[in-house]
Amino acid sequence: MVVELRSRHDITIDAFRRVAWNGEKLLVAEETLRSVDVHRAQFLGFLECNPAARVYGVNIGAGDAAGARLTSAQQTEYLGGLTSATSFGAPLPERLTRGVVLARLASFLGGHAAVTSRLVQHVADMLGGPLAAVPGEGNGGSGEIQALGHLFAAVPARLRLGVKEPMALINGSPCASALVADTALRCVGTIDLTERVLALAADALQAPHEHFAATLEDLWHDTDEVAALAAVRSLLHGGDPLRRATQALVSVRVIPKVLGAAYRARASAALVAENSLSSVTDNPIFVPPSPGRPAAVLSNGSFHNQHAIVAIDGCTRAAADLCQLAHALVQGIYADRTALPGQDNLGVGTLYMPSSAWAEEARAAATPAVLPAAAIGQNDVPNPVFTAWHRSIRVERCLHAILAILATLASQSFAVTQRRTSAALQPLLAAIRADVPPVVGRRDLGSELDALATAFAHRAHRRSATPQPEPATT
């Protein structure tokens with residue numbers, strides 16, 4: 001399969017999933033490449049007709065040197081290489097570096113980065129082979145020049161760059177676009193897994209069907225909560241008819257509410273990703289001439305994507321809340337002697353302990369990535385988007401771990417009570433028992449739970465990598 005780009009508007013979250021996550025090839029249309037060269041010529045014409053114009057990274061310095069005009073020798077030096085790769089640490093996964101390369105092209109395709117078609121083609125061709133390792137840590141600049149400096153460091157040695165092209169590679173916010181798109185995609189599989197495990201837990205606790213009744217859909221006005229309500233009701237349909245006579249725990253009754261908020265966070269991140277991936281993020285931006293409007297070069301702040309930071313934080317908060325809800329259900333099943341009779345002396349008797357630790361880990365990692373304190377000089381507002389993404393990854397790991405614990409307790413409940421779950425949840429129950437068989441005597445479960453949490457993570461990733469309809473949202 002090949003993803004063809006005719007304009008920046010073809011860089012969608014679906015294209016991101018195909019190219020970044022699933023490794024599909026990329027093709028830039030020939031007419032688009034020709035258009036890029038037309039805009040490049042217009043930009044060079046603008047420079048020639050406006051010799052007094054001060055263009056960042058072209059005839060004036062970058063960063064704290066932006067006040068000084070460059071000599072001819074300095075302009076030539078700027079074309080020789082990128083010197084911004086000062087971050088270091090554990091590398092980003094390749095799906096993200098591929099996504100950054102894809103997002104970088106958005107500024108190129110409409111001529112707004114004023115690059116040549118040769119550079120456009122070279123960057124697109126980078127997706128045909130291994131990419132440079134990009135540290136995910138230590139990227140504390142105002143924009144993304146540190147990470148992008150690593151990713152594109154070898155380009156000047158492979159391709160002779162022209163005026164403005166080095167800056168066009170490392171300025172802007174394609175990393176933020178990729179990070180928020182990755183977060184939105186990861187939410188798909190994680191939420192799908194979570195709602196199934198939560199439904200299995202509700203079934204183990206014999207939750208009355210009235211908690212998820214269709215009548216509530218006419219009474220609640222939030223489409224995400226209604227969608228979650230319907231999803232849980234569908235998963236429980238056809239299960240054991242024996243239900244408890246009294247209302248279940250709050251942790252059971254609020255499942256659609258907490259899931260609905262997660263749906264909303266995921267939809268918000270997907271919207272931000274869709275907008276960001278196709279947006280022009282460069283500094284400066286070249287605006288080609290059009291009827292009634294002359295060409296212009298605009299210094300701007302598109303190297304900072306605040307919406308991406310907030311959207312990633314929203315998904316992290318939703319996942320952390322799901323961690324707390326799942327932990328409450330762990331305690332609920334363990335303490336319910338109808339759901340789990342006589343289990344004190346078995347290996348499941350201490351599962352609420354690691355669950356508590358994972359829940360606290362999630363709580364600690366869910367701190368919002370608020371803008372850091374101002375720095376000095378030109379780059380006085382650091383960009384915390386990488387921090388936000390790292391926290392989302394950590395909370396997701398915590399959620400998969402707690403879900404493994406909750407799933408094991410729910411599985412044990414069905415084993416010892418000899419009740420049956422619904423047809424929709426039976427495949428999940430079988431998958432749980434493949435890694436953690438029902439406990440019939442004392443045994444240590446740590447390695448089995450770790451295997452189940454890992455299997456859950458892989459399951460969620462596969463679900464996210466598969467094409468899916470957009471979830472309901474207002």
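Quick caveat: nothing in here was measured; it's all calculated off a predicted structure. (Residues numbered from 1 in each chain as written. Predicted model: local features only at pLDDT ≥ 70, side-chain atom pairs only at ≥ 80, totals over all residues. Heavy atoms only, no water.)

S.K.: Teacher, can you tell me more about the nonpolar core here?
M.R.: Nonpolar side chains in soluble globular proteins generally cluster together in the buried interior. Ranked by internal contacts, the top residues of the largest apolar core, which has 142 residues, are Phe-108 and Phe-456. If you tally residues by element for this core, the top one is helix α9 (residues 174-204), at 18 residues. Dropping the residues within four chain positions of it, Phe-108 is found in contact with Val-36, Ala-113, Val-115, Leu-119, Val-120, Val-123, Ala-168 and Leu-169. Core analysis: the next-biggest nonpolar cluster, separate from the first, contains 7 residues, Phe-43, Phe-46, Leu-47 and Ala-114 among them. (Core = buried A, V, L, I, M, F, W, Y, C linked by side-chain atoms within 4.5 Å. Buried < 20%, exposed > 50% of the residue type's maximum accessible area, 1.4 Å probe, protein only. Helix = DSSP H or I, 4+ residues; strand = E, 2+ residues; numbered from the N terminus. Contact = heavy atoms within 4.5 Å.)

S.K.: Whenever I open this one, the pattern of salt bridges confuses me. Can you help?
M.R.: A side chain of one charge can pair with a side chain of the opposite charge when the charged atoms of the two come close. The full count for this structure, using the stated rule, is 22 salt bridges. The residue Asp-182 makes a salt bridge to Arg-186 at a minimum N-O spacing of 2.9 Å. A residue pair is termed a helical-turn pair when its members lie 3 or 4 positions apart in one helix, as Asp-182 and Arg-186 do in helix α9 at 4 residues. Side by side, Asp-182 and Arg-186 carry an identical accessibility label, which is buried. Each member of the salt-bridge network shares a partner with another, and the members are Arg-95, Asp-182, Arg-186 and Glu-396. (Salt bridge = Lys/Arg side-chain N within 4 Å of Asp/Glu carboxyl O.)

S.K.: I would appreciate a short explanation of empty space enclosed by the protein in the present structure.
M.R.: The probe, sized like a water molecule, is rolled over the atoms to show the empty space still left. All told, the structure shown has 2 cavities of 30 Å³ or more when counted by the stated rule. Size it by volume and the largest cavity reaches roughly 140 Å³. Considering the residues around the largest cavity, the lining is formed by 15 residues, among which Cys-187, Thr-190, Cys-315, Ala-319 and Glu-396 are closest to the centre. Among the elements of the structure, α9, α12 (255-277), α13 (306-335) and α15 (385-417) are those that each provide at least two residues to the lining of the largest cavity. When its residues are assigned to classes, the lining of the largest cavity shows 9 nonpolar, 4 polar and 2 charged. Of the volumes computed, that of the second largest cavity is approximately 40 Å³. (1 Å grid on protein atoms, 1.4 Å probe; cavity = no way out; pocket = protein on both sides within 12 Å on 5 of 7 lines; lining within 4 Å. Points joined across faces, edges and corners; volume = space filled by probe spheres on them. Nonpolar A, V, L, I, M, F, W, Y, C, P; charged D, E, K, R; others polar.)

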